[in-house]
Structure formats: C-alpha cells, structure tokens
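Chains, contacts and geometry: an overview
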Amino acid sequence: MNILDQLADYARLRVRNAKELLPPDQIKYLADTFPQGNFAFENALKKPDIAFICECKKASPSKGLIAPEFPYLQIAKEYEDAGADCISVLTEPKWFLGKDDYLKEIAGSVSIPCLRKDFTVDEYMIYEAKLLGASAVLLIVSILSREKIGRYLQICDRLGLSALVEAHDEQEVKTALSCGARLIGVNNRNLRDFSVDTENSRRLRELIPPNVLFVSESGVKDGEDVRRLREIGADAVLVGEALMRAPDKSSKLAELRREV
C-alpha cells in the first residue's frame with residue numbers, strides 16, 4: 001500500500017475505536033445541538049486578493065519530524081496576529097503527530113476559522129470536527145467515492161461547515177465539481193508518492209469555474225510562488241512546511257503576504 005492508503009486505513013481504525021467510546025448516534029446528536037456554523041472558513045477566503053491558510057503541523061510522512069518543539073497555541077496566535085485568514089490544524093496522530101486537542105485548543109483561542117486537516121473516511125469524523133470547533137473539514141477525492149463526497153457535503157451544509165474538497169488531477173477536479181464542491185483545493189503534492197509539482201495548480205486552474213473557490217496546497221516556499229499563484233487567480237494558498245520551519249513565523253508570513 002502507498003502512504004495515502006495507509007493513512008486512510010489508519011483513519012478507519014481510529015474511527016472504529018472512537019465509535020466504541022462515543023457511538024455514532026450520540027456524536028451526531030451532540031453535533032446537531034452545537035450552534036449552527038456560518039461557513040466562516042470559505043467566507044474568509046472570499047476577498048479581493050489571495051488569502052492565506054497557515055498550517056500547524058508537527059511532522060509529515062515525507063519530511064519526518066518538522067517541529068521538535070511544538071508550541072501550537074503560540075504558533076496559531078502568531079499566524080493570526082500576522083494576518084492569516086484561516087488556520088489548518090493537523091489532527092492525524094501517527095504520521096503527522098497531530099492531536100484532536102490541538103484543534104480544540106487552537107479553535108478556542110483564535111478568532112479566525114480553523115480547518116481540521118485529517119483523512120476523512122467516515123461521516124463520524126465530520127461530527128468530531130464540529131465538536132472540536134472546526135469551521136471546515138478536508139475531503140480528499142482519491143480516498144472517497146463520489147457518493148460519499150456528495151453525502152458528506154450535505155452533512156457539512158447542515159452543520160454549517162465548509163468542506164475543502166481536495167483534488168490532484170483533472171478527473172478528481174471534475175468529480176469534485178460534479179458533487180457540488182464550493183471550495184476545491186488542488187494539492188501540488190502527490191499523496192501517493194509525496195512528490196511536489198507546483199505547476200499542478202496552473203494546469204488545473206482553468207477547470208475550476210469562477211464561482212468555486214480555488215486553493216493551492218503544498219509547495220509554497222516564497223513570495224515568488226505566491227506571485228505565480230496570484231497570477232493564475234488562486235483565491236487562497238495553504239502554506240505548511242515553509243512556515244513551520246521558519247524561526248520567525250510572523251516575518252515569514254509577512255514576506256509571503258508582501259506579494260499580495
């Protein structure tokens with residue numbers, strides 16, 4: 001199995017274990033009793049110029065440990081103070097060393113919307129995201145059927161959550177659009193072998209209509225990358241490793257935002 005298949009399988013195991021602690025009917029009830037969301041994540045990306053989704057990530061399968069010291073609340077507040085529009089929080093525990101508590105605490109400490117960055121393989125994880133304070137979830141086309149994507153989008157709409165539907169190639173973009181995605185992320189990283197090609201966003205941009213928000217994910221290292229993505233009309237960029245490795249994250253984000 002490639003790493004993406006392993007991530008998806010481990011997510012299914014995590015869901016099975018979680019359901020033993022809190023059955024599906026109970027988590028659904030709790031999520032439905034939470035205040036209705038207002039699609040804050042996608043609304044934050046609807047601005048005249050390119051928006052920034054900044055990521056809190058301790059490790060990754062391709063890079064290993066990125067942040068041995070991980071003061072996640074401090075990092076999230078730095079992002080907010082430096083002008084980030086949204087925050088992406090990894091909750092996958094095995095390969096990314098994420099935790100649900102990271103998301104819960106960050107979402108409770110900042111005023112900008114948060115994305116639960118995880119490998120959603122079951123609607124249970126959408127209800128979890130709602131209870132953790134997320135404003136958005138990630139739906140990866142390559143690990144979900146068309147029927148599941150459509151159903152998960154309906155659940156997100158009912159809860160007032162945004163769904164970042166992630167695609168890597170032309171067929172996946174078409175699938176996302178056919179399911180009614182309002183927010184499509186083109187991943188420049190191939191999650192099957194973790195190679196990165198930032199031209200992937202340029203190749204797929206023309207397939208996405210103006211009424212659908214377009215996010216370029218992965219591989220953004222400097223202002224020149226931002227400039228190129230701005231030229232093709234990206235609504236937002238998701239920046240992870242470049243920020244996490246920067247000693248001064250505020251300065252790094254300021255450098256990236258200077259191209260706006």
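An unreviewed UniProt entry lists the protein under the name Indole-3-glycerol phosphate synthase, from Zhenpiania hominis. Its UniProt record gives the protein the following Catalytic activity (unreviewed entry) comment, quoted word for word: "1-(2-carboxyphenylamino)-1-deoxy-D-ribulose 5-phosphate + H(+) = (1S,2R)-1-C-(indol-3-yl)glycerol 3-phosphate + CO2 + H2O". In the Pathway (unreviewed entry) part of its UniProt record, the protein is described as follows: "Amino-acid biosynthesis; L-tryptophan biosynthesis; L-tryptophan from chorismate: step 4/5."

**With respect to the overall build of the protein**
Secondary structure summary: the protein contains 12 helices and 10 strands in total. The principal-axis extent of the C-alpha atoms belonging to the protein is close to 50 × 40 × 40 Å. Evaluated residue by residue, the protein yields a buried proportion of 54% over its 260 residues. Considering only residue pairs separated by 6 or more positions, the protein has 69% of its internal contacts joining residues 24 or more positions apart. Surface summary for the protein: the accessible area is close to 11100 Å², and the carbon and sulfur share equals 48%. Taking the average place of the 37 positive charges on the side chains of the protein and the average place of its 41 negative ones, the gap between the two points comes to 1 Å.

Cut-offs used in this document
- Residues numbered from 1 in each chain as written.
- Predicted model: local features only at pLDDT ≥ 70, side-chain atom pairs only at ≥ 80, totals over all residues.
- Heavy atoms only, no water.
- UniProt positions renumbered as here; feature names shortened; annotations may be inferred.
- Helix = DSSP H or I, 4+ residues; strand = E, 2+ residues; numbered from the N terminus.
- Buried < 20%, exposed > 50% of the residue type's maximum accessible area, 1.4 Å probe, protein only.
- Contact = heavy atoms within 4.5 Å.
- Areas by Shrake-Rupley, 256 points an atom, 1.4 Å probe, with all protein chains shown as cover.
- Lys, Arg positive; Asp, Glu negative; His and termini not counted.
- Charge placed at Lys NZ, Arg CZ, Asp CG, Glu CD.

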